[in-house]
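What follows is the residue order along each chain.
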Amino acid sequence: MNKFLALLMAILFSACSSSQPIPQWKDKSYRQLETYKNDFLADKEDATEPHFRKAREAFAAGNDLDLLAKAYLTRMALQAAVLTDIDDSDFIRLDKLQPSALNRSYYDFIQGNFSALQKTEPPPPYNRLKSAIAGKDVAAAAREIAGMENNLSRLIACGVWVKYLPYNDSILQIAIATASEQGWSRALFAYLYKLQAYYQDRKELQKAQDIKERLEMLKK
Amino acid sequence: MSITREFKVGFLVVFTAILLIATLFYLAYEKGVFSTIHTYTLSSHSGDGFTEGMPVVFSGFNIGKVHALELNDQGLTLIKIKIPNKHVKWIRSDSSFVLYRPLIGAARIVVSSANLHSPLLPPGEIREVNTINDINDAIAKVQPLIEKITNIAENIERLTNQLSDPAGSLNRILANARKVTDTLARKKSLLEMAVDDEESVKAVHAALKKLKDITASVDGVLKKVDKMADKTDSSLYGKDGTLPQVNKILKDIIGKLEKLDTTVSNINKMSGDLSEGTKNFRILRSDIDDTVNAIDDVAKKLDDLLSTKKEPEIKLP
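These numbers come from a predicted model, not from an experiment.

*Asks:* Talk me through the overall build of chain A; I want residue IDs and the actual numbers.
*Replies:* For chain A, the count of helices and strands is 13 helices and 0 strands. When the helices and strands of chain A are placed in sequence order, the string is α-α-α-α-α-α-α-α-α-α-α-α-α. When each of the 220 residues of chain A is scored for burial, the buried share is 43%. When the accessible surface of chain A is totalled, it reaches about 11500 Å², and 51% of it is carbon and sulfur.

Listed below in structure tokens is the structure:
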């Protein structure tokens, strides 16, 4: 009976399979980019960024500059999310070749060009931060960021805010909670260091010491 | 002459009665009530499938029916069929009798006569009935197919068992691939991967660093020698002149060059090991590529088989 069930399942699965297969480059680029995002945040992607390179090669094979630009923007967003320097050279070249308003507004947001974003709408889901950015309202920003459903978007929003605007520990705590929940160690350590520095700057030495010890234990 | 009413009524009654009886007789005659019925006896090894009243068919027409079923002393089933006189002509001495059990529909005895000019079958002769069973034939035809399906199902089961088995081949391949990629990710350099000995790599690094230091020292000495050329003889050859210092430095250089020689020898030796290791590394690399490609193929096939996914949408995070 089990054998027949297994056979039936196999037949059903094969019957359900799509008659029009997805192009390999699309499938590959999507998978590689997803792996890259997770590995980058989890600190598994080494300096050569192999998954990003494979994703980039797959996009190139599809001759789609818009998707290629999105891949570079994704990398930039991740760099912003973990508070490191942002390498925008490739995106700039692509944007000159094939400009896109959506990609440009995303770029402006990641790069902290908020004056440019006052004329246009920030890309979703970051458009809800527009008024908070205009007023540099940290409390409103924390509220809006905490309400973002997508974990990565939440972390990117934290990263952009911390990089370019005055922040407080609540925004850092949101980032730490998000990174901890997802196991994104690179992001977690970046924000823990940032929180330690924040407390030190504010002369809250006990809190800074606690964070330092926590970091030591986590990195042991 | 007048016909009385009573006579008319009597005539009508009698006429109607005669007409009715004639009709009944006619119908009975047509139905073969008055025809002679011939009884033939057939035999079969099994009474399975025979029933009383079962039709006897010739060329698709009913020509009789099974009258009785009996079991003789030899254990054979005797089937007595009754054939009206008008249909006896179809029952010949070379006629064959077949019990036909269709997949759908009622069973019947089919009479086939190859030669209608052959003599009639004598009523006392017992003929054997063959059986055609569509159900059994269908089962017999389906049986090999079922066996094949069973084999396929067994293979699928085995495959799924292997896939789910933590100690199965695929999982072992994946574990090995993971181990290799972990090693690739953990090792700090290709050299370490090839030599597979962290201490050796450190030694190479240390040797190279030392070589760099020595090069810097030699460079410094050369600069000093350049400066010496500008100095006077006294300052050059005096007791505290430059030349004794040069001698000292040269001795230092010789000492360092000796160390350099040893270091270079070490590097040469390690390079030899490394070139041997590189060959192995290339073979290992090709093995890994083969394995990864094989796994990739399996994954793609499984993915194609199981996938109902739509085209992935690449969105900005």
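*Asks:* Break down helix α4 (residues 65-81) of chain A for me, citing the residues and quoting the values.
*Replies:* All names here are of chain A. Given a rise of 1.5 Å per residue, 17 residues ought to cover 24 Å, and the 24 Å separating the end C-alpha atoms of α4 matches this to within 8%. Across the 17 residues of α4, 15 count as buried, placing the element largely inside the fold. The N-terminus of α4 is capped by Asp-64, whose side-chain oxygen sits 3.1 Å from the backbone nitrogen of Asp-66. Trailing α4 by a residue or two, Leu-83 shows a phi angle of about 65°, which is positive.

*Asks:* Tell me about the packing of aromatic side chains, and name the residues and values.
*Replies:* All names here are of chain A. Across all of its chains, the model carries 14 aromatic pairs over all chains by this definition. For the ring pair Tyr-106 and Tyr-126, a centre distance of 6.1 Å and an interplane angle of 65° mean the geometry is edge-to-face. In this pair, Tyr-106 sits in helix α6 (residues 101-111) while Tyr-126 sits in the loop between α7 (114-119) and α8 (130-135), placing the two residues 20 residues apart along the sequence. Positioned over the ring face of Phe-40 is Arg-186, at 4.2 Å from the centre of the ring. Lys-219 extends its terminal NZ or CZ atom over the ring of Phe-189, reaching a point 4.9 Å from the ring centre.

*Asks:* I'd like a description of the environment of Gln-32 of chain A, backed by residues and values.
*Replies:* Residues and elements named next belong to chain A. Looking at the secondary structure, you find Gln-32 in helix α2 (residues 24-41). Looking at Gln-32, the relative accessible area reads 12%, which means it is buried. Sequence separation between Gln-32 and Pro-50 is 18 residues, and the spatial gap between their C-alpha atoms is 9.0 Å. Excluding its chain neighbours within four sequence positions, the residues that come into contact with Gln-32 are His-51, Lys-54 and Ala-55.

*Asks:* Got a sec to walk through the sheet that holds strand β3 (residues 61-71) of chain B? Specific residues and values, please.
*Replies:* Residues and elements named next belong to chain B. The mixed closed barrel is built from 7 strands, whose spatial order is β1-β4-β3-β2-β6-β5-β7. Averaged over all pairs of adjacent strands, the angle between their axes in this sheet comes to 35°, without regard to strand direction. Direction of pairing for strand β2 (residues 55-58) relative to strand β6 (residues 108-112): parallel, over a ladder of 3 bridges. Residue pairing for β6: Val-56 is matched across the bridge by Ile-109. Contacts from helix α2 (residues 134-164) reach β5 (96-101) and β7 (126-133) within the one sheet, and its direction differs from that of β7 by about 45°.

*Asks:* Provide a residue-level description of the pairing of β7 of chain B, including the pertinent values.
*Replies:* Relative to β7 of chain B, strand β1 (residues 37-44) of chain B runs parallel, the two sharing 3 bridges. Each residue of the ladder has a partner; that of Ser-43 of chain B, found in β7 of chain B, is Glu-128 of chain B.

*Asks:* Quick one: what's the story with the side chain of Ser-43 of chain B, residue by residue and with numbers?
*Replies:* All names here are of chain B. Along the polypeptide, Ser-43 turns up in strand β1. Note on Ser-43: relative accessible area 10%, which makes it buried. In this view, Ser-43 contacts Thr-77, Leu-78, Ile-79, Ile-126, Arg-127, Glu-128 and Val-129; residues no more than four positions away in its chain are not counted.

*Asks:* Any chance you could break down the packing of α4 of chain A against helix α10 (residues 151-164) of chain A for me, citing the residues and the numbers?
*Replies:* Residue and element names in this part refer to chain A. Remark: α4 packs on α10, axes separated minimally by 7 Å, with the N-to-C direction vectors making an angle of 65°. In the packing of α4 onto α10, the handedness of the crossing is left-handed. Facing Ala-77, Leu-78, Ala-80 and Ala-81 of α4, the residues of α10 in contact are Leu-152, Leu-155, Ile-156, Gly-159, Val-160 and Lys-163. When the residues that make up the contact of α4 with α10 are grouped by side-chain class, the tally is 8 nonpolar, 1 polar and 1 charged.

*Asks:* Please provide a residue-by-residue account of a nonpolar patch on the surface, values included.
*Replies:* On the surface, a nonpolar cluster with roughly 540 Å² of combined accessible area is contributed by Ile-3, Phe-7, Phe-11, Phe-15 and Leu-19 of chain B. Its location among the elements puts Phe-15 of chain B in helix α1 (residues 5-30).

*Asks:* Summarise the pattern of salt bridges; cite the residues concerned and give the values.
*Replies:* Residue and element names in this part refer to chain A. All told, the structure shown has 13 salt bridges over all chains when counted by the stated rule. Put simply, Lys-70 and Asp-66 hold a salt bridge, and the shortest N to O gap is 3.0 Å. Of this pair, Lys-70 and Asp-66 both sit in helix α4, separated by 4 residues, roughly a single helical turn. By relative accessible area, which is 10% here, Lys-70 ends up buried. For Glu-204, the salt bridge goes to Lys-207, with nearest N and O atoms at 3.1 Å. Connected through salt bridges with shared partners, the residues Glu-49, Arg-75, Asp-87 and Asp-90 form a single ionic network.

Scoring rules and cut-offs
- The residue numbers shown here count from 1 along each chain, following its written sequence.
- The order in which chains are written sets their letters, starting at A; the order in which ligands are written sets their numbers, starting at 1.
- Predicted model: local features are reported for residues with pLDDT of at least 70 only, side-chain atom pairs are reported and counted for 80 or more only, and whole-chain, interface and lining totals are derived from all residues.
- As a convention, hydrogens and water are excluded, and side-chain values are obtained from all of the structure's heavy atoms.
- Each helix is a run of DSSP H or I of at least 4 residues and each strand a run of E of at least 2, with the numbering of both proceeding from the N terminus.
- Relative accessibility under 20% of the residue-type maximum defines a buried residue, over 50% an exposed one, and the middle range a partly exposed one, all with a 1.4 Å probe and only protein chains included.
- Working definition of accessibility: Shrake-Rupley area with a 1.4 Å probe, residue cover restricted to the visible protein chains.
- Expected span, for any helix, means 1.5 Å times one less than how many residues it has.
- We call two N or O atoms a polar contact when they sit within 3.5 Å, provided that within protein one can donate a hydrogen and the other can accept it, with sequence-adjacent residues counted only if both atoms are side-chain atoms.
- Side-chain rings of Phe, Tyr and Trp, where Trp is taken by its six-membered ring, are said to pair if the distance between their centres is within 6.5 Å; with planes under 30 degrees apart they count as stacked, over 60 as edge-to-face, and otherwise as tilted.
- Sitting over a ring, as applied to charges here, requires NZ of Lys or CZ of Arg to be within 6 Å of the ring centre and within 35 degrees of the ring normal.
- Working rule for contacts: check all heavy atoms of both residues, and any pair within 4.5 Å makes them a contact.
- Should DSSP find at least two bridges between two strands, the strands are regarded as paired.
- Angular values range over 0 to 180 degrees, each being the angle between N-to-C directions of two axes fitted as lines to C-alpha atoms, with helices fitted over their stretch in contact.
- It is the rotation of the near helix from the far one that decides the hand of a crossing: anticlockwise by less than a right angle makes it left-handed, clockwise makes it right-handed.
- For this classification, the nonpolar set comprises Ala, Val, Leu, Ile, Met, Phe, Trp, Tyr, Cys and Pro, the charged set comprises Asp, Glu, Lys and Arg, and every other residue, Gly included, is treated as polar.
- Grouping into patches uses exposed residues only, defined as over 30% relative accessible area, and leaves out salt-bridged ones; the cut-off is 9 Å for like charges and 5 Å for nonpolar side chains (Val, Leu, Ile, Met, Phe, Trp, Tyr).
- We count a salt bridge whenever a side-chain nitrogen from Lys or Arg sits within 4 Å of a carboxyl oxygen from Asp or Glu.

These values are about where atoms sit, not about what they do.
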